[in-house]
Amino acid sequence: VNYTGAASMTRAFTYEDFVQYGEQYGVTHCLPDAIVQDPTRHQETLAYGQVYEQSLCKGVTVLHSDMHFLVPYHAQSRVQQAYSFAMLLNGQLRIGRERSPLQTVGPACGINTSYRNERMQTHYLPGTRLAALDVVIDQTEIEQNDYTERLLPILEVAPTTFAVGQQDDVFLESVRSQLQL
């Protein structure tokens, strides 16, 4: 498995950054109308922090994000042949399926998501610091190799909706320490 990617320094994220990220990862970011409809505000800082991206192989990406959100917004996944697992390390958000009640999740929660049947939605609050570790799999791009031959059978039996499970505090602290949070 080849590990590629580069860490980014703490930086400001603008409307245009959210649009670009959404296009890349199949997510629609619904930002406040006052910002979306006013092009003079498209360079305004909406969040700051860092995102580290690493490609494990074609179609499998690991993301580590540590962001401070300055405006409220929500995001919706597109229905696609994709799967993700997220471990929330810091912060709190609300997440749910498109037509289901949202659940509030916090640190040490794992979120399994398959996007085949229904979009997922996530709501973020201003003033929130959110850190997460995500593995994103695009099943239309994934390449066949020893790693994916072990991974694909797991994906085939993964639930088609999300599940939230509390993790052990020692495990969470170990992950935070490894990522230097």
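I will try to describe carefully the structure that is included in this document. (Residues numbered from 1 in each chain as written. Predicted model: local features only at pLDDT ≥ 70, side-chain atom pairs only at ≥ 80, totals over all residues. Heavy atoms only, no water.)

Quick look at the overall build of the protein chain
Operational definition: A run of H or I in DSSP counts as a helix once it spans at least four residues, and a run of E counts as a strand once it spans at least two, with each numbered from the N terminus. Exposed residues in this analysis have more than 50% of their type's maximum accessible area, buried residues have under 20%, and partly exposed residues fall in between, with area computed by a 1.4 Å probe over protein chains only. What makes two residues a contact is simply this: any of their non-hydrogen atoms within 4.5 Å. A 1.4 Å probe and the Shrake-Rupley method give the accessible areas. Residues count as covered only by the protein chains that appear here.
For the protein chain, the helix and strand inventory stands at four helices and 12 strands. Classification of the 181 residues of the protein chain by burial places 43% in the buried group. Taking the intrachain contacts of the protein chain between residues at least 6 apart in sequence as the baseline, contacts between residues at least 24 apart amount to 74%. Here the protein chain has roughly 10,000 Å² of accessible surface; of this, 50% comes from carbon and sulfur atoms.

Re the environment of Val 62
Relative to the elements of secondary structure, Val 62 occurs in strand β4 (residues 60–69). Between the C-alpha atom of Val 62 and that of Ala 86, which follows or precedes it by 24 residues, the distance is 9.7 Å. If we skip the residues at most four places from it in the chain, Val 62 touches Tyr 52, Glu 53, Gln 54, Leu 56, Leu 133, Asp 134 and Val 135.

Some remarks on the side chain of Thr 128
The condition that has to hold: Polar contact is the term for a pair of N or O atoms within 3.5 Å; when the atoms are in protein, one must be able to donate a hydrogen and the other to accept it, and sequence-neighboring residues count only if both atoms are side-chain atoms.
Among the secondary structure elements, Thr 128 is positioned in strand β11 (residues 128–138). Polar contacts involving the side chain of Thr 128 include one to the main-chain carbonyl oxygen of Leu 125, which spans 2.8 Å. When residues no more than four places from it in sequence are discounted, the contact partners of Thr 128 are Met 67, His 68, Phe 69 and Gln 92.

A few points about the pattern of salt bridges
Formally: Should a side-chain nitrogen of Lys or Arg be within 4 Å of a carboxyl oxygen of Asp or Glu, the pair is scored as a salt bridge.
What the rule picks out here adds up to four salt bridges. Its salt-bridge partner being Asp 17, residue Arg 11 comes within 3.3 Å of it at the nearest N-O pair. A salt bridge links Lys 58 to Glu 141; the nearest nitrogen and oxygen atoms lie 2.9 Å apart. On the criterion of sequence distance, the pair formed by Lys 58 in the loop between β3 (47–57) and β4 and Glu 141 in the loop between β11 and α3 (146–156) is long-range, its members being 83 residues apart. The class for Lys 58 is partly exposed, based on a relative accessible area of 46%.

Thoughts on α3
The criterion, for reference: Relevant arc is that of directions from the helix axis to the C-beta atoms, nothing else.
Taken together, the buried positions of α3 are Thr 148, Leu 151, Leu 152 and Leu 155. The arc that holds the buried residues of α3, viewed along the axis, is 110°, so those residues lie on one side. Exposed side of α3, more than 90 degrees from the buried face: Asp 146, Arg 150 and Ile 154 are the residues found there. On its buried face, α3 is in contact with β3, β4, β6 (82–90) and β11.

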